[in-house]
Amino acid sequence: MIVGQRKPIQEIIGMLKGIKKILILGCSGCVSVCSAGGEKEVEILALILRIDRKKKGEPVETMEKTLARQCDTEYLEELKGEAGNYDAILSMACGVGVNYLADMYPTTLVFPALNTSFMGVSEEQGVWSERCAGCGDCVLDRTGGLCPIARCSKRLFNGPCGGSQNGKCEIDPNVACVWQLIYDRLKGLNQLEKLKEIFPIKDWSSSLHGGPRKIVREDLKL
Amino acid sequence: MKSGSNLEKVLTSGQFAVTGELGPPKNADAEVIRTKARLLKGCVDAVNITDCQTAIVRMSSIASSVILMEEGLEPVTQMTCRDRNRIAIQSDLLGASALGMKNLLCLTGDHHKFGNHPNAVGVFDMDSIQLLQMVKNMRDEKVFQCGEELKGTEPTFFLGAAANPFADPFEFRALRLAKKVVAGAQFVQTQLVYNLERFTAWMQAVRALGVHEQCYIMAGVTPPKSIGMAKYMKNNVPGLDVPDEVIVRLKGARDAKKDVQEEGINICVDIINRVKEIEGVAGVHIMAIEWESAVPEIAKRADLLPRPG
Amino acid sequence: MNDVNQPDIVAFCCHYTAYACSQDLQNLPQLGFPENVRLEILPCSGRISITRLLKAFEQGADGIYVAGCKDDTCHNVRGSQIAKKRVDYVKDVFDQLNIEPERIEMYMISREPNRGFIEVAEEMTMRIKKLGSSPLKGK
């Protein structure tokens, strides 16, 4: 899922200076699962903003709403006829939702309440970590299913660098060296031979470096 | 031998080679390079010029290499993948070759997290092995990375790589060197050797793969300048293995009211003498960064002088 | 309630803690429980939500506290530990909003007949008296 984290409160307060009526818009998708931008977090943020404004003697009117997803035309259309009622919409979705709101409602101010952190897993309650960088050209068949792009600090393709020690990455003793993990896994699977091949220089054009990406499926279009 | 490199000549002739290392200044003062160069002159066959080592902004390796050449020394220009994409690297290498640089050390580069610009983008368009492959293809196949023909004069570097026998997983370390050699490495300089037992075991694995016959292996050494430095290297530098024995020797010298720096030089000379005996070791790479003045003494005592050529 | 001498304090209390300490909530005034503290009884302190804490403050409380069991005696095992995390969350929010984090507190009280339950109410009343009324009430 996409993992997000609420921005520091003062940063959000700074964005909303002068705004008197705001829709705080949650998303029941990924950011709700990672407790960053679902219904509950919308309610909390609304309270925080109202408390701040009350303290300053500049009250703000907050409306709260949470859509099934903010990355889908169908759900965002629910705001039609309503978007114009607010000075701004504060989206608690990932960056995708914020963008799509801005795309669909050209005359409404839109602000992000979250930092979109990464695509990752929920390891345990309250702990998330990155697994995929969305490079657009998956290499996991060659690396035992573990991604050197998302999980190696230097995005190495040909085995661990000289900074791999005791299974940890040189940048942080709390970060696992993914190449140690790949090595161990391929060894266990009897596939160490795979690591002898030189992995050729990657074509990054399928990643963000090739410009904004788009997929069109004629078989599904109406 | 189309590089015309002195280092390549020495290694090919079967003589035990010596390289030094020079860290460019964090300013635009050419005199810093010249002063350090003069200390190393006559003691080494070539001098590595680091490419913003530890991700700290310094005078560029290529520019510093030009100044070094003006002093009559041969540079081993370093190129990392951290700061440049394939367009910039190839462009810089055409320039380096045109300026007369003959040796190129291909590195992935230290991560910038610990440098002085931790907020920078880490480029890492490729890794060191892919970099070797790219430069080898420019030289031998006369093609750019994209496949387009390189018309006219190609860069003709003697290609080097780094290897760390002390990193993990140990069993993969010799294999990784083998990959670098297949990719194009003709010589390799290792991480600092203090743990001779592990280095010997690594060399054994390297020989088992026959890699020592396909590239020249130079053992990295440095004199520990103080007890503090030895402790720092032991505890704070990832990928460095400094046995307690080294610290014990330095402390022994201090306690006997002897010169600790002198003992540091002794330790370095002892290591050189021991790696010389290991089959497949073709030279030493003395990295006395910010202690370049120790190199002549080390070279003399380790019986590495005079240098050929 | 703008009187600094009578701060408006909301106490969210674990049912078990409150009864164990006082035997009968009706007795509280006789036992000296401060009048300015409004009690809201929860089945377990772990049931307190961040929203409820913030709402109490928004609605005018000068101080808020949660009283639960000692962290090893919670009837629901981790209830009071969870409550403490939520109180800490609100403390952090207050800090970021330049509101004194001391206006909210978590108390873990042993679940036996004792004066602890009354003492924390008194302690909180004293604390809020010093801090003055809520900054949301204007100067």
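Under an unreviewed UniProt entry, the name given to chain B is Methylenetetrahydrofolate reductase, and the source organism is Candidatus Desulfaltia bathyphila. Per UniProt, chain B carries the Sequence similarities (unreviewed entry) text "Belongs to the methylenetetrahydrofolate reductase family."

As annotated in an unreviewed UniProt entry, chain A is Methylenetetrahydrofolate reductase C-terminal domain-containing protein from Candidatus Desulfaltia bathyphila.

A. Expanded view of the overall build of chain A. Across its full length, chain A holds seven helices and nine strands. Computed over C-alpha atoms, the radius of gyration of chain A comes to 22 Å, more than 25% over the 17 Å expected from 2.2 N^0.38 for 222 residues, which places it beyond the range of a compact globule. Structurally, chain A occupies a C-alpha span of about 65 × 45 × 25 Å along its principal axes. Long-range pairs, those at least 24 residues apart, make up 58% of the contacts in chain A with a sequence separation of at least 6. Summing over all exposed atoms, chain A offers an accessible surface of approximately 11500 Å²; the carbon and sulfur share of this is 51%.

B. Structural view of the sheet that holds strand β4 (residues 88-91) of chain A. Residue and element names in this part refer to chain A. Pairing within the open sheet is parallel, and its four strands lie in the order β3-β2-β4-β5. Among the strands making up the open sheet, the edge pair consists of β3 (61-67) and β5 (109-112). Neighbour-to-neighbour, the strand axes of the sheet open up by a mean angle of 25°, direction not taken into account. Contacts from helix α3 (residues 39-56) reach β2 (21-27), β3 and β4, with the element oriented near 170° to β3. Sheet strands in contact with helix α5 (residues 95-104) are β2, β4 and β5, and its direction is about 175° off that of β5.

C. Here's a closer look at helix α8 (residues 227-236) of chain B. Residue and element names in this part refer to chain B. Among the residues of α8, I227, A230 and M233 are the ones counted as buried. Projected down its long axis, α8 shows its buried positions confined to an angular sector of 130°, all on one face. As for α8, its buried residues are in contact with β6 (187-192), α9 (244-255) and α10 (260-276).

D. Geometry of the pairing of β6(B). Residues and elements named next belong to chain B. Taking burial as the measure, the six residues of β6 include five buried ones, the bulk of the element. Here strand β5 (residues 158-163) runs beside β6; their pairing, made up of four bridges, is parallel. The residue bridging A162 from the neighbouring strand is Q189, located in β6. For the crossover that starts at β5, traverses helix α6 (residues 170-183) and ends in the parallel β6, the hand is right-handed. Where β6 lies against strand β7 (residues 216-221), four bridges are found, and the strand directions are parallel. Its bridge partner lying in β7, F187 is registered against Y216.

E. Main features of the nonpolar core. Core analysis: the largest hydrophobic core is formed by 63 residues, its most contacted members being B:L177, B:F199, B:W202, B:I272, B:V275 and B:V284. It is α10(B) that contributes the most residues to this core, eight residues altogether. Leave out the neighbours within four places in its chain, and B:V275 touches B:V193, B:L196, B:F199, B:A219, B:V281 and B:V284. By size, the runner-up hydrophobic cluster in this structure holds 51 residues, among which are A:I9, A:L47, C:A56 and C:V66.

F. A look at the packing of helix α2 (residues 30-40) of chain B against helix α3 (residues 61-70) of chain B. All names here are of chain B. Two numbers describe how α2 lies on α3: the axes approach to 9 Å, and their chain directions differ by 50°. Classed by the angle they form, the pair α2 and α3 counts as oblique. The two elements α2 and α3 meet at a crossing, and its hand is right-handed. Contact residues: A30, I33, R34 and A37 in α2; S64, I67, L68 and E70 in α3.

G. Quick look at the interface of chain A and chain B. The partner chain B presents 34 residues to the 30 residues of chain A that form the contact. The contact between chain A and chain B buries some 2700 Å² in all, and 53% of this surface belongs to carbon and sulfur atoms. Of all residues in chain A, the largest losses of buried area upon contact with chain B belong to A:K154, A:I198 and A:I201, amounting jointly to 24% of the total for that side. Where chain A packs against chain B, one counts one salt bridge. Across the salt bridge formed by A:K187 and B:E171, the nearest N and O atoms sit 3.8 Å from each other. If you look at where chain A meets chain B, you find 24 residue pairs in polar contact (both at pLDDT 80 or more). When residues in the side of chain A that touches chain B are grouped by element, the largest group, three residues, is from helix α7 (residues 178-188) of chain A.

H. Focus on the arrangement of the chains. Summarising the chain contacts, two pairs of chains touch, and the pair with the most contacts is chains A and B. If you take every C-alpha in chain B and every C-alpha in chain C, the smallest gap between them is 25 Å, and the two do not touch.

I. A look at the UniProt feature "domain: Methylene-tetrahydrofolate reductase C-terminal-like" (unreviewed entry) in chain A. Following the UniProt record, one finds the feature "domain: Methylene-tetrahydrofolate reductase C-terminal-like" (unreviewed entry) at residues 111-205 of chain A. The span residues 111-205 of chain A is 16% helical and 27% strand by assignment, and the distance between its end C-alpha atoms comes to 30 Å.

J. The interface of chain C and chain A, seen in detail. With 14 residues of chain C at the contact, the number on the chain A side is 14 residues. The junction of chain C with chain A conceals about 1500 Å² of combined surface from both sides, 63% of it contributed by carbon and sulfur atoms. At the level of elements, α3 (50-58) and α4 (79-96) of chain C are the ones that each hand at least two residues to the side of chain C that touches chain A. The greatest single-element share of the side of chain C that touches chain A, amounting to six residues, is contributed by α3(C). Counted by class, the side of chain C that touches chain A contains nine nonpolar, three polar and two charged residues.

Parameters and conventions
- Residues numbered from 1 in each chain as written.
- Chains lettered and ligands numbered in written order.
- Predicted model: local features only at pLDDT ≥ 70, side-chain atom pairs only at ≥ 80, totals over all residues.
- Heavy atoms only, no water.
- UniProt positions renumbered as here; feature names shortened; annotations may be inferred.
- Helix = DSSP H or I, 4+ residues; strand = E, 2+ residues; numbered from the N terminus.
- Rg over C-alpha atoms; globule rule 2.2 N^0.38 Å.
- Contact = heavy atoms within 4.5 Å.
- Areas by Shrake-Rupley, 256 points an atom, 1.4 Å probe, with all protein chains shown as cover.
- Pairing = 2+ DSSP bridges.
- Axes fitted to C-alpha atoms, helices over the stretch in contact; angles between N-to-C directions.
- Buried < 20%, exposed > 50% of the residue type's maximum accessible area, 1.4 Å probe, protein only.
- Arc of directions from axis to C-beta.
- Right-handed = clockwise from strand over helix to strand, strands pointing away.
- Core = buried A, V, L, I, M, F, W, Y, C linked by side-chain atoms within 4.5 Å.
- Parallel < 35°, antiparallel > 145°, perpendicular 65-115°, else oblique.
- Left-handed = near helix turned anticlockwise from the far one by under 90°.
- Buried area = accessible area lost by both parts, 1.4 Å probe.
- Salt bridge = Lys/Arg side-chain N within 4 Å of Asp/Glu carboxyl O.
- Polar contact = N/O pair within 3.5 Å; in protein donor to acceptor, adjacent residues only side chain to side chain.
- Nonpolar A, V, L, I, M, F, W, Y, C, P; charged D, E, K, R; others polar.

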